[in-house]
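# Structure at a glance
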Amino acid sequence: MNQKIIALAIAFLSIFSSNSFATEKPFEYPVHILPDSPSEAYGPFLRHALMSDDITDMPSYVQQALNVGTRNLQWLDFLNSRRPDQIALTKPGDLPSHPINKPNAYSPLTIENEFKVLSAGIPESMRKIIFENASFTDTLSIPVKDYIVWAKKVDKLYQIAVRWTSLAPHLATYARNKVNDIRGYYFLMKESDLEKKLKNWNSLSIDVQNRLRIYLVNLCENSSISTAQCDTNLNSAITQNDVTGHFAKYVTKSKAIYNRYFKIAGIRRELQWTSQNANLAVIPFRQTDPVIQNFLAVNIEDEWKWMGWQLKLDFQSNAPVHVEFKAGVVPHVNGIGGDTIVMDKNASLNEWDVQWTIRHEFGHVLGFPDCYVEFYDSAAQQMVNYQIDVTDLMCSRAGKLKQNHFTEMKSAYYR
């Protein structure tokens, strides 16, 4: 690890410190951190990357984005330590989302371009402190609302730089994950008169053909076929006037991948939901501190209910499902349908993000996967991520429990 990265790690750890993070390794790839996570969620994520043997160097502008992002957060903490009215860059329902029709694409080049735009446009008083390392001030020379606008832009760039730094050593893994990019299937299913358009391909305008071509090639890629071969296959189908056949050949596999993002992957045998009380499902949960039990019950039971139906936690001494608190970890569950929810001991239970997180993580305990997609586009040389449904609890921090969760729960558990 070079000296610049070591210096960056030291600077970063000064604001996200923990006595026990060095022994924690909760990361697997693909990693479990939603694309709309706030900066504090990236703390353990970046610590792990900076201390990993996988990190040997990083592009200059990525390093600079990490530096100014860290500086930005340090100054925010400094300001708030001296203000009666606290400045917040995020609030519930105000986190950036990346819907399927507006995916987030990032790379060292996009980070460099955004860094240059920010450094040129940010107010002079902020640039001196954040970009040029001038001493912190305890007052602002611009309106707070303007400060927040620019601080959020710097923070967004910081988050992207963290994500790239952490995932860059694993690009081969993420390149393979492109097979799970279901945008072709998603948009084809929303296409009006699709069957008619495919049958009458040659009568379509060039613009419509080009748009549908992208979707049809992607549909083929879901069958683990290269982009080049899929393009060849589609051209052959067009020549034979059988675009409908191309669609029919690959749509089943694409549909299965899409559905997998919303299907329960592992059923918990101890969960009880029977016709004797059709509006109540009960799951045993291991007893813990009364304050923690209240936090669990209030948040999980508040989320996991639907139209008169309610899921209840039954606290028992030997229940397999339990929560552990460890300092400096990214919250996670030990696998889909796992028993162990791990939460960050340093995070306050009063924070909405922590309350949302336990609701989301409990979804994994019940067998639901995440429903966001992230992969490395080798041709474009950039990472791409999007949330299939930003209103879904398992896709996005803006999401909530939806009818499909209840329907899937009933299919899997109701007896």
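Residues numbered from 1 in each chain as written. Predicted model: local features only at pLDDT ≥ 70, side-chain atom pairs only at ≥ 80, totals over all residues. Heavy atoms only, no water.

## Section: the packing of helix 11 (residues 227–239) against helix 12 (residues 243–260)
At a closest axis distance of 7 Å, the pairing of helix 11 and helix 12 adopts a crossing angle of 140°. One finds that helix 11 runs oblique with respect to helix 12. Touching Cys-230, Asn-233, Leu-234, Ala-237 and Ile-238 of helix 11 are Val-243, His-246 and Tyr-250, all from helix 12. Split into classes, the residues belonging to the contact of helix 11 with helix 12 amount to six nonpolar, two polar and no charged. (Axes fitted to C-alpha atoms, helices over the stretch in contact; angles between N-to-C directions. Helix = DSSP H or I, 4+ residues; strand = E, 2+ residues; numbered from the N terminus. Parallel < 35°, antiparallel > 145°, perpendicular 65-115°, else oblique. Contact = heavy atoms within 4.5 Å. Nonpolar A, V, L, I, M, F, W, Y, C, P; charged D, E, K, R; others polar.)

## Observations concerning the sheet that holds strand 4 (residues 309–316)
Taken together, the three strands give an open sheet; going across it, the order is 2-4-3, and neighbouring strands pair in mixed fashion. Taken across any chain shown, the strands that pair with only one partner, and hence form the sheet edges, are strand 2 (280–286) and strand 3 (305–306). In this sheet, strand 4 lies alongside strand 3 in antiparallel orientation, the contact comprising two bridges. In the strand pairing of strand 4, Trp-306 is matched with Trp-309. (Pairing = 2+ DSSP bridges.)

## Description of the packing of aromatic side chains
According to the stated counting rule, one finds 15 aromatic pairs in the structure shown. With 5.5 Å between their ring centres and 65° between their planes, Tyr-61 and Phe-115 make a pair best called edge-to-face. Of this pair, Tyr-61 sits in helix 3 (residues 60–80) while Phe-115 sits in helix 4 (residues 108–121), and the two are 54 residues apart along the sequence. Between Trp-75 and Tyr-147 the ring centres are 5.5 Å apart and the planes differ by 85°, which places this aromatic pair in the edge-to-face class. Here Trp-75, found in helix 3, pairs with Tyr-147, found in helix 6 (residues 144–167); they are 72 residues apart in sequence, far enough to count as distant. The two residues Trp-75 and Tyr-147 agree in class, both being buried. Taken together, Trp-273, Trp-309, Phe-406 and Tyr-414 form an aromatic cluster joined through their ring pairs. Above the plane of the ring of Trp-150 lies Lys-153, whose end atom (NZ or CZ) is 4.2 Å from the centre. The ring of Tyr-414 carries Lys-410 above its face, with NZ or CZ at 5.2 Å from the centroid. (Phe/Tyr/Trp six-rings, centres within 6.5 Å; stacked < 30°, edge-to-face > 60°. Buried < 20%, exposed > 50% of the residue type's maximum accessible area, 1.4 Å probe, protein only. Lys NZ or Arg CZ within 6 Å of the ring centre and 35° of its normal.)

## So, the confidence of the model for the protein chain
Per-residue pLDDT for the protein chain has a mean of 89; in total, 89% of the residues score no lower than 70. Scored below 50 in pLDDT, residues 1–29 shows 71 contacts in the model against residues more than four places distant or in partner chains. (pLDDT = per-residue confidence, 0-100.)

## Quick notes on helix 11
Between the first and last C-alpha of helix 11 there are 18 Å, a value that for 13 residues agrees with the 18 Å anticipated at 1.5 Å per step. Residues of helix 11 that are buried: Cys-230, Leu-234, Ala-237 and Ile-238. Viewed along the axis of helix 11, the buried residues span an arc of 100°, placing them on a single side of the element. What points out from helix 11, more than 90 degrees from its buried face, is the exposed set Ala-228 and Thr-239. Packing partners of the buried residues in helix 11 comprise helix 10 (206–221) and helix 12. One or two positions beyond helix 11, positive phi appears at Asn-241, with a value near 55°. (Expected span 1.5 Å × (residues − 1). Arc of directions from axis to C-beta.)

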